[in-house]
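Residues per chain are reported as follows:
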Amino acid sequence: MALKLRSQMPELEGATAWLNGEVQKSDLQDKPTLIHFWSISCGLCKEAMPNVNEFRDKYKDQLHVIAIHMPRSEKDLDLEQIKQVAEEHGITQPIFVDSQHKLTDAFENEYVPAYYVFDEEGQLRHFQAGGGGMKMLTKRVNRVLGIKE
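The paragraphs below set out a description of the structure included in this document. This is a predicted model, so every value here is computed, not measured.

1. A closer look at the nonpolar core
Item 1. By size, the foremost hydrophobic cluster in this structure holds 48 residues, and its most contacted members are Ile 35, Phe 37, Trp 38 and Tyr 116.
Item 2. Not counting residues within four places of it along the chain, the set of residues in contact with Tyr 116 comprises Ala 2, Leu 3, Thr 33, Leu 34, Ile 35, Phe 37, Phe 107, Asn 109, Leu 124, His 126 and Phe 127.

Written out as structure tokens, the structure is:
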């Protein structure tokens, strides 16, 4: 089971590596945060990446975006491959490489792609998994940001 709504964001600890800069939970207290889990072996993740990047760019002053790379097999552990796929898909936000599933376990996350929207207090406001539903994610992000649709 994934984190329950209103749960506090877990500490961002246990990374095998960070790409594009390292972030602590304390760095995220000033504005809402979108955390997305993905994997280099996940086709749906790659399809959804332009949407995630659009959020990152459109709301860059209002929203933190953090990527969590969650390996699903041995092949997903190759750091050079993760860097290459991240570059190919324009992932410029910080990437927490979770090869030991430390953060995956803290989130109780079982899915890729998976999206967690936290408010500026670090409380979970929305969770969804799977490739579709970007409209719903957009609505939830807008609600957390206080943007009227």
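Still more to cover.
2. A look at the state of the cysteines
Item 1. Using the criterion set out here, one finds 1 disulfide in the structure.
Item 2. The disulfide that involves Cys 42 links it to Cys 45, with 2.3 Å between the sulfurs. Residues Cys 42 and Cys 45 are joined through a disulfide that is right-handed, its torsion about the S-S bond being 85°. Accessibility assignment for this pair places Cys 42 and Cys 45 in one class, buried.

3. Focus: helix α2 (residues 79–88)
For an α-helix, 3.6 residues make a turn, and residues three or four places apart therefore share a direction.
Item 1. All of the buried residues along α2 are Ile 82, Val 85 and Ala 86. What you see down the axis of α2 is that its buried residues fit within an arc of 100°, all on one side. In α2, those exposed residues whose orientation departs by more than 90 degrees from the buried face are Glu 80, Glu 87 and Glu 88.
Item 2. Here the buried face of α2 lies against β1 (17–19), β2 (33–38), α1 (43–58), β3 (64–69) and β4 (95–97).
Item 3. Two or three places before Glu 80, at the start of α2, stands the capping residue Asp 78, its side-chain oxygen 2.9 Å from that residue's backbone nitrogen.

The rules behind the values
Starting from 1, residues in each chain are numbered consecutively following that chain's sequence as written. Per-residue local features are limited, in this predicted model, to residues with pLDDT of at least 70; the limit for side-chain atom pairs, both in listing and counting, is 80 or more; totals at the level of whole chains, interfaces and linings are taken over all residues. To obtain the side-chain values, all non-hydrogen atoms of the structure were used and water was disregarded. Take the buried Ala, Val, Leu, Ile, Met, Phe, Trp, Tyr and Cys residues and link them wherever side-chain atoms come within 4.5 Å; each set so joined is a nonpolar core. Relative accessibility under 20% of the residue-type maximum defines a buried residue, over 50% an exposed one, and the middle range a partly exposed one, all with a 1.4 Å probe and only protein chains included. We call two residues in contact when some of their heavy atoms are within 4.5 Å. Pairs of cysteine sulfur atoms within 2.5 Å are what we label disulfides. The helix and strand labels rest on DSSP assignments: H or I over at least four residues marks a helix, E over at least two residues marks a strand, and numbering proceeds from the N terminus. The arc in question is the one spanned by the directions pointing from the helix axis to the C-beta atoms. The definition of a polar contact used here is a pair of N or O atoms within 3.5 Å, where within protein one atom must be able to donate a hydrogen and the other to accept one, and adjacent residues in sequence count solely through side-chain atom pairs.

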